[in-house]
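# Breakdown of the fold
Residue-level listing of the chains:
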Amino acid sequence: MKEQIIKALEESKESLYRRLEEEIKKLSDDEINNYLDSILKINQMIEELKL
């Protein structure tokens, strides 16, 4: 169960990275920061689940 959640979170993170790479030139600094904050939150969730 934990592994499935971690996998889904990893996929979400990768999707956010791809979207950010595609859109970065069009985004404002605040929008970029929102993407990065989301990625950081996902990383934190993954680390907590791995404990």
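On a predicted model such as this, the values are computed, not experimentally measured, just so you know.

### Topic: the overall build of the protein
- Counting its regular elements, the protein contains two helices and zero strands.
- Principal-axis analysis of the C-alpha atoms gives the protein an extent of 40 × 15 × 10 Å.
- Across the 51 residues in the protein, those meeting the buried criterion constitute 22%.
- Counting every atom, the protein has about 4200 Å² of accessible surface; 51% of that belongs to carbon and sulfur.
- Taking the 9 positively charged and 13 negatively charged side chains of the protein as two groups, their mean positions are separated by 4 Å.

### As for helix α2 (residues 29–50)
- Taking 1.5 Å per residue, 22 residues should reach 32 Å; α2 reaches 32 Å between its end C-alpha atoms and fits that length.
- By the burial criterion, the buried members of α2 are Ile32, Tyr35, Ile39, Ile42 and Ile46. With its buried residues spanning 90° around the axis, α2 presents them on a single face. Within α2, the exposed residues directed more than 90 degrees away from the buried face are Asp29, Asp30, Leu40, Lys41 and Glu48.
- Where α2 is buried, its residues touch α1 (2–23).

Definitions and limits used
Residues numbered from 1 in each chain as written. Predicted model: local features only at pLDDT ≥ 70, side-chain atom pairs only at ≥ 80, totals over all residues. Heavy atoms only, no water. Helix = DSSP H or I, 4+ residues; strand = E, 2+ residues; numbered from the N terminus. Buried < 20%, exposed > 50% of the residue type's maximum accessible area, 1.4 Å probe, protein only. Areas by Shrake-Rupley, 256 points an atom, 1.4 Å probe, with all protein chains shown as cover. Lys, Arg positive; Asp, Glu negative; His and termini not counted. Charge placed at Lys NZ, Arg CZ, Asp CG, Glu CD. Expected span 1.5 Å × (residues − 1). Arc of directions from axis to C-beta. Contact = heavy atoms within 4.5 Å.

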